[in-house]
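Examining the three-dimensional arrangement
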Amino acid sequence: MAFFEPIGACVLALACMAPAQPAESTFQLTSHDARGRVGTVSLTCEPTGGSHPTRGGACAKLSEVDGKFDRLRAEPRACTLEYNPVDVSAVGKWRGEPVTYRTSYANRCVADTESAGVFTF
């Protein structure tokens, strides 16, 4: 029995030294436009999942800005000047830290462009 005790201790020590996994990042994303259309999706990053149609891309964009929605970089795209406001929100956690984000855009095209596609659903 004494022979296996050092081996068992070594195995336990190695298990304790495993790298910590990042805290999960999960969001409920919602958009609501002036015509009464409402969209809601879930987004999980690290690991990627949820009902967002482009969850991998959305997670990649959020990773670039460390989960700060207000720092998302707009993607170049021409939009019309039509005024049909879209309100968006994100509620959840980024790497374990609480996140609440809300903003409005002039129309759906602007929302998609300015949010780097995160609110495209």
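Let me begin by describing the structure that accompanies this report. (Residues numbered from 1 in each chain as written. Predicted model: local features only at pLDDT ≥ 70, side-chain atom pairs only at ≥ 80, totals over all residues. Heavy atoms only, no water.)

Spatial ordering of the open sheet is given by S2-S1-S3-S4, a layout of 4 strands whose pairing is antiparallel. Strand pairing shows two members of the sheet lacking a second neighbour, strand S2 (38-45) and strand S4 (97-105), which therefore form its edges. Ignoring which end each strand starts from, the neighbouring axes of this sheet average 10° apart. Strands in contact with helix H2 (residues 55-64) are strand S1 (25-33), S2 and strand S3 (86-94); relative to S2, the strand with the most contacts, it is inclined by about 70°. (Pairing = 2+ DSSP bridges. Helix = DSSP H or I, 4+ residues; strand = E, 2+ residues; numbered from the N terminus. Axes fitted to C-alpha atoms, helices over the stretch in contact; angles between N-to-C directions. Contact = heavy atoms within 4.5 Å.)

So, on to the nonpolar core. By size, the foremost hydrophobic cluster in this structure holds 22 residues, and its most contacted members are Phe-27, Leu-29, Leu-43, Leu-62, Phe-69, Val-118 and Phe-119. Put simply, the parts of the chain that give this core at least two residues each are S1, S2, H2, S3, S4 and helix H3 (108-114). When residues in this core are grouped by element, the largest group, 4 residues, is from S3. Setting aside anything within four residues of it in sequence, one finds Phe-27 in contact with Val-41, Ser-42, Leu-43, Leu-62, Phe-69, Val-91, Gly-92, Lys-93, Trp-94 and Val-99. (Core = buried A, V, L, I, M, F, W, Y, C linked by side-chain atoms within 4.5 Å. Buried < 20%, exposed > 50% of the residue type's maximum accessible area, 1.4 Å probe, protein only.)

The next thing to look at is the side chain of Ser-115. Locating Ser-115 in the fold gives a position in the segment after H3. At 3.2 Å, the side chain of Ser-115 and the backbone nitrogen of Phe-119 are in polar contact. (Polar contact = N/O pair within 3.5 Å; in protein donor to acceptor, adjacent residues only side chain to side chain.)

The next subject is the side chain of Asp-112. Positionally, Asp-112 belongs in helix H3. Taking the relative accessible area as the measure of exposure, Asp-112 reaches 9% and is therefore buried. At 3.2 Å, the side chain of Asp-112 and the side chain of Thr-120 are in polar contact. Apart from residues lying up to four places away in sequence, Asp-112 is in contact with Arg-77, Gly-117, Phe-119 and Thr-120.

Our focus in this paragraph is the packing of aromatic side chains. Both the distance between ring centres and the angle between the ring planes are used here to describe each pair of aromatic rings. Counted by the stated rule, this structure contains 6 aromatic pairs. Ring centres of Phe-69 and Tyr-101 lie 5.4 Å apart, and the angle between their planes is 20°; this geometry places the pair in the stacked category. One end of the pair, Phe-69, is in the loop between H2 and S3; the other, Tyr-101, is in strand S4, with 32 residues separating them in the sequence. The same class applies to Phe-69 and to Tyr-101, which are both buried. Relative to Phe-121, the ring of Phe-119 has its centre 6.5 Å away and its plane inclined at 45°; by these criteria the two rings are tilted. Judged by its relative accessible area of 27%, Phe-121 falls in the partly exposed class. (Phe/Tyr/Trp six-rings, centres within 6.5 Å; stacked < 30°, edge-to-face > 60°.)

On to the state of the cysteines. Scanning the model with the defined rule gives 2 disulfides in all. Here Cys-45 engages in a disulfide with Cys-59; their sulfurs sit 2.0 Å apart. Of note, the bridge from Cys-45 to Cys-59 carries an S-S torsion of about -90° and is left-handed in sense. Separated by 14 residues along the polypeptide, Cys-45 in strand S2 and Cys-59 in helix H2 bring together distant segments of the chain. Just as Cys-45 is buried, Cys-59 falls in that class too. Between the sulfur atoms of Cys-79 and its disulfide mate Cys-109 the distance is 2.0 Å. Here the S-S torsion is close to -75°, and the disulfide linking Cys-79 with Cys-109 is therefore left-handed. Pair noted here: Cys-79 is in the loop between H2 and S3 and Cys-109 is in helix H3, with a separation of 30 residues, a long-range link. Residue classification places Cys-79 among the partly exposed residues on the basis of a relative accessible area of 27%. (Disulfide = S-S within 2.5 Å.)

Function cannot be inferred from these measures alone, as they are strictly geometric.
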